[in-house]
Number of protein chains: 4
Amino acid sequence: MNTFGNILRLTSFGESHGAALGGVIDGMPAGISVDMELLHAELQRRRPGQSRLTTSRTEPDEAEILSGVFEGKTTGAPIAFIVRNHNQRSADYDALRDVFRPSHADYTYTMKYGLRDHRGGGRSSARETLVRVAAGAFAKMALRKYGISIKAFTSRVGSVALPHDYTSYDLSVSELNMVRCPDEATAAKMQSLIEEAKAQGDTIGGIVSCVVSGCPAGLGEPVFGKLHAALASAMMSINAAKGFEYGSGFEGACGYGSEQNDSFVRTANGEIRTATNRSGGIQGGISNGEDIYFNVAFKPAPTLLRKQNTVTSNGEPTEFCAHGRHDPCVLPRAVPVVEAMAALTILDFFLLQESYK
Amino acid sequence: MNTFGNILRLTSFGESHGAALGGVIDGMPAGISVDMELLHAELQRRRPGQSRLTTSRTEPDEAEILSGVFEGKTTGAPIAFIVRNHNQRSADYDALRDVFRPSHADYTYTMKYGLRDHRGGGRSSARETLVRVAAGAFAKMALRKYGISIKAFTSRVGSVALPHDYTSYDLSVSELNMVRCPDEATAAKMQSLIEEAKAQGDTIGGIVSCVVSGCPAGLGEPVFGKLHAALASAMMSINAAKGFEYGSGFEGACGYGSEQNDSFVRTANGEIRTATNRSGGIQGGISNGEDIYFNVAFKPAPTLLRKQNTVTSNGEPTEFCAHGRHDPCVLPRAVPVVEAMAALTILDFFLLQESYK
Amino acid sequence: MNTFGNILRLTSFGESHGAALGGVIDGMPAGISVDMELLHAELQRRRPGQSRLTTSRTEPDEAEILSGVFEGKTTGAPIAFIVRNHNQRSADYDALRDVFRPSHADYTYTMKYGLRDHRGGGRSSARETLVRVAAGAFAKMALRKYGISIKAFTSRVGSVALPHDYTSYDLSVSELNMVRCPDEATAAKMQSLIEEAKAQGDTIGGIVSCVVSGCPAGLGEPVFGKLHAALASAMMSINAAKGFEYGSGFEGACGYGSEQNDSFVRTANGEIRTATNRSGGIQGGISNGEDIYFNVAFKPAPTLLRKQNTVTSNGEPTEFCAHGRHDPCVLPRAVPVVEAMAALTILDFFLLQESYK
Amino acid sequence: MNTFGNILRLTSFGESHGAALGGVIDGMPAGISVDMELLHAELQRRRPGQSRLTTSRTEPDEAEILSGVFEGKTTGAPIAFIVRNHNQRSADYDALRDVFRPSHADYTYTMKYGLRDHRGGGRSSARETLVRVAAGAFAKMALRKYGISIKAFTSRVGSVALPHDYTSYDLSVSELNMVRCPDEATAAKMQSLIEEAKAQGDTIGGIVSCVVSGCPAGLGEPVFGKLHAALASAMMSINAAKGFEYGSGFEGACGYGSEQNDSFVRTANGEIRTATNRSGGIQGGISNGEDIYFNVAFKPAPTLLRKQNTVTSNGEPTEFCAHGRHDPCVLPRAVPVVEAMAALTILDFFLLQESYK
């Protein structure tokens, strides 16, 4: 199950320390102009070593397109791309061969497959998310044509949260700081918190929020294919995700119907809209034309620069202490991944809806 | 997309006020003993009119099995079942023909399909969840054979939450009270809160929690088929769901790695286990043999016995006020639905894992 | 795998002697007018007991629609229908409980599932094809709207074949005779051959041909989803099918390129067409706008009114002789099944192509 | 739809004259020893330029494995591989930019996508089949472990056919001659026929046959997933395929039941077998443990070294004459492709069957 989507499908492959990671995008409409700068820029947003808040592993992470593009346009054929692994230092990982790192996938992969590629987490490495980001860039190229845009940002790190909801901020500002938070003051506090954690060899988690604008009404498929169910699956498939909520989410759910309902109104130009948007742009699993927004919780990265108790693959008690290049907080780099998965999901359902018209 | 699952697949059909609802379960292993009492009991748990906290619509909700069972056992052929709609009163819904009820699916279905069955929400009605409950009963029959059990309960209503985590309670007790909460004192408070809301023509939401016990390590499929991503999709596909989290969830995500990691330990009998279970039984998307637990937020039902502003299907402003049989709180009846979707998901991944052995 | 199709999906259920057979059609466009007379007529074409050439089991075979249709139109919700089994005489089949009938599925089902429903073949019975015919009727309702029509006919029985290709005949005439062959003289010979076989307790097979007219260019999906690959799968899934070929088929394949190529020409009104159509309307797996035509070989039914050697389920040698109601030739009743599977396939690819526009 | 299979899935990508072709195999069991020599050998069997009967384009066609293999074994992660295109001479194809070659996919791709990669057929090129051959080599590595072997051979070219059925020959001999026919005398006649066609700038087609040995009973999924329906789809997805039949096929279908049925017998060692095998190893869509055998018809390649009438992309009448490297007969190189698609199909259903045990 390394394929995602219904009629727009991404197949992902590759391990952290294998020859290359890559993906195949099937079902992309033909005739979409391929924007290589966007592809490059998105990969740079996810790339390690961007700032002192992220791992210092510095991979160039350049994608080579192998198929599906001809004379600058998509052809309808599957678009395959690869990103070579350069900065591998596999020997660094020899110590991991026989240790199950706490809260990593070492133990479960071994139980599932009977063996594992221990080098940097192998297939379970968050490095896999570069595949999603590259594919998401292609999805964005198509969505742009349909007037749909997607913007994610860090809304909470540890105990520091954005004080207001997303409508209070200029979301484009979030790219100007290291944590990708659209409020400078909050960003500064988040940054301090992350640096404190890092200084102690610890890690910290938080919440990424995302807004989809310009999405027409009608996307989403009852019953099991509700748009928010698909978004939940997409987001929860990202490494370290622990929770998903849309619209007024958990907090709104614990309120009263009289406070949570969104009244329909007619606008001056005759459109039907909702007066409020606690529904997060989705009602009955189908988009209603309002902004779609949701939150994704990411746990603190499990790799600590501290000693932890664990066991070897034979079950012998041992201690494990990571060294080297590790993110004290995955949030900033998760932002483009969230956008990418949202873009793939929305484009898939957009195309699906076209088929019924 | 009325089909759920990978190699165990449920196809659901039916509208609230059509002839019948039903489902087809494909991929069920052959030779499973069919427990008609369990099927009946599960449908009764979901049935409306169980108590004064739920809608007084009293459907008998008996399933007729049409295929796939022979001499008391599953045959490997698809199991089809139907539940006839009896207590329809479609005329009650004539008033809805031209009104878009706030925070329902009336508007979005119309935008998607160009028309809608307005009788009781048609396909978008929560009555569809009886299909899941019936199918889930079959999944439980198979899971029982493999030693896996599933138990859900109401853990929060409005501001009233269970004070401790699930390990502090005897979960089987939850079926003894109307709200399906395993703590009697908390249940009483939740019940009061729901009755207050009802008295004011209002509704209230909350959280259902679920625990899967006895699940072997190794279930779940990297990368996009992570077990928690599949559970998220399953749960978010239930009517009124607004959020999903597993293990330590949103709260744990906003903590530190040093507090969230689960150390591996060797037990007296030589098994590898985790000392704590903040991971919620899933690491890297694959079950690790510990309890799987998660929360699902359900919004307050949008049908209020109060006047609300809305528009007609022509966009004319109007007022809408529901009458008759409506749940002031969907949580108690969502409990068996959450269990059913969990059972279908876990069995699907259990069978999938068998294929690789 | 009781589901067929990509974005138009039929899920089939039911056994020959269970309570009912039926299907769920998911992905049908909303707003299609439901033609109950067509549905009825198609089921009558497949029904047993139509003539002395077919089994005398006389089921009324009326479909009850359970969902997905409202006020005479499809709603976009799944369309479920059932056909009750009335004329079951299960006791007739007690003799089959412990016998593996030659060239039936008794043995293989037992090997696959560890048990089987022996009544009339259970799930493997050709009675399942009524589900396809009912679903195909719905597909035809949609295709009619898009100007696409489908016509199948018997082109060969035993050694008697239609002397010319399909363009020489008025295909609508085929419904006027018992064998469903568009040439009266050939039909008479086929009929004699079948009656001779019947008189000897034997059965005879042959070929059904099918023509799809009005299909636009562009349907079909490279690489694995070639239109003729999908048609092959659809046709070979019909009980008793042994072979599939399209366009000039096996015979043309054994010829020369210079004789088999279809030249492109421009017609008087400026259209691009092919001068000949050995390609059968499909080039590179994609429809080219010409008639799509193909042949399906159906083996002689394995149920003989003669003694045959076989073994019991314990492997003991025994003799088996069928009694009662059995078709001496399945061809006439396979004709509507071939049309139905073609209709479902073409509509699925038509809708898929819409999604990319 | 560039993905093939149910739980073993091959995703194919690449164009004839793009940077590379390749595939991703998902669902391969972990722990399978990777036999690089087999992979290499299979690609060599399909490679152009093997003999004077095939195109003289001489690509080295070496596969690079990018993922899913670690220390010589499959890991359960997706196996991605690429084959770079070297000998491209794209300029050779400039003449094709505005011409629709007869019986190629030029016209239909243009109608489907609105544009096309004209270089050597782009995605529609038979060069894509190298992806299948490479993936099939992996499938064979797994099947070998389960005792299943697959052997294809050329059984007919033009009017020259093998005089006896496959059981009369030592199939391994077929690799010793250029046409891959297991009978030397027949092979010589086929070779002459192909050389005659080539001398006249013509092409010739025929039939490839395939035998699967050692396949256990129980593979195949009723109703739509019948094993022969899946094989039909797999085979018809190969470039130039025009027909598929299994067991006694078209000829047997036009016979009598009394001659076509396979009696069950008990062997000396107590096994249940069939006395004959007209069923081709499949009954009711499920393997019965006998040899599975089938035929695939391949049309004469449409590229002639002769002038043909056609039109330009504007519909203007023109003449087209191919030059250069083209196969006068695709059969010899189709043999490994048929084996590969059979291997992928059988392994997929083998794994699927494991899931129900």
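In what follows, the structure referred to is the one given above.
Rules and cut-offs
- Residues numbered from 1 in each chain as written.
- Chains lettered and ligands numbered in written order.
- Predicted model: local features only at pLDDT ≥ 70, side-chain atom pairs only at ≥ 80, totals over all residues.
- Heavy atoms only, no water.
- Pairing = 2+ DSSP bridges.
- Helix = DSSP H or I, 4+ residues; strand = E, 2+ residues; numbered from the N terminus.
- Salt bridge = Lys/Arg side-chain N within 4 Å of Asp/Glu carboxyl O.
- Buried < 20%, exposed > 50% of the residue type's maximum accessible area, 1.4 Å probe, protein only.
- Core = buried A, V, L, I, M, F, W, Y, C linked by side-chain atoms within 4.5 Å.
- Contact = heavy atoms within 4.5 Å.
- Least-squares fit on C-alpha atoms with pLDDT ≥ 70 in both.

Engineer: Hey, could you run me through the sheet that holds strand β19 (residues 317-321) of chain C in this one?
Structural biologist: Across a sheet, strands are paired by hydrogen bonds formed along the backbone, either parallel or antiparallel in direction. Residue and element names in this part refer to chain C. Pairing in this open sheet of three strands is antiparallel, and the strands run β8-β18-β19 from one edge to the other. Edge positions in the sheet fall to β8 (99-100) and β19, since each has one partner strand and no second. Note: strand β18 (residues 307-312) against β19, five bridges, orientation antiparallel. Following the sheet pairing, V311 is matched in β19 by P317.

Engineer: Hey, could you run me through the pattern of salt bridges in this one?
Structural biologist: A pair can form between side chains of opposite charge whenever their charged atoms are brought close. Summed over the entire model, instances satisfying the criterion amount to 96 salt bridges over all chains. The shortest N-O distance in the salt bridge between R144 of chain D and D35 of chain D comes to 3.0 Å. Here R144 of chain D is found in helix α3 (residues 129-145), whereas its partner D35 of chain D is found in the loop between β3 (20-26) and α1 (36-46), with 109 residues between them in sequence. On the accessibility criterion, D35 of chain D (23% relative accessible area) is partly exposed. One network of salt bridges, in which partners are shared, links E42, R45, K140, K151, E175, R180 and E339 of chain A.

Engineer: Honestly, helix α5 (residues 227-236) of chain B in this entry has me stumped. Any pointers?
Structural biologist: Spacing of three or four residues puts side chains on the same side of an α-helix, whose turn is 3.6 residues. In terms of burial, α5 of chain B is a largely internal element, ten of the ten residues being buried. Of all the residues in α5 of chain B, the buried ones are L227, H228, A229, A230, L231, A232, S233, A234, M235 and M236 of chain B.

Engineer: Would you take a moment to explain the nonpolar core for this structure?
Structural biologist: Side chains of a nonpolar character, in soluble globular proteins, are inclined to be buried together. If you look at the biggest cluster of nonpolar residues, it comprises 365 residues, and the most contacted ones within it are M235 and F294 of chain A, M235 and F294 of chain B, F294 of chain C together with M235 and F294 of chain D. Aside from chain neighbours lying at most four places away, what touches M235 of chain A is A241, F244, F294, V296, V338, M341 and A342 of chain A.

Engineer: How should the relation of the copies chain A and chain B be read in this particular structure?
Structural biologist: The operation relating the pair of chain copies consists of a rotation about an axis and a translation along that axis. Once chain A is rotated about the relating axis by 180 degrees and shifted along it by 0.0 Å, it coincides with chain B to within an RMSD of 0.0 Å. Here the copies are linked by what is in effect a two-fold axis. When you check the interface residues of chain A against chain B, 99% turn up at the interface there too, and the contact is symmetric in its surfaces.

Engineer: For this particular structure, what's the right way to read the sheet that holds strand β19 (residues 317-321) of chain D?
Structural biologist: All names here are of chain D. One open sheet accounts for three strands, arranged β8-β18-β19; its pairing is antiparallel. Among the strands making up the open sheet, the edge pair consists of β8 (99-100) and β19. By the bridge criterion, two bridges tie β8 to strand β18 (residues 307-312) in an arrangement that is antiparallel. From the neighbouring strand, V99 faces β18, where its bridge partner is T312.

Fair warning: the whole summary comes from geometry, so function is off the table for now.
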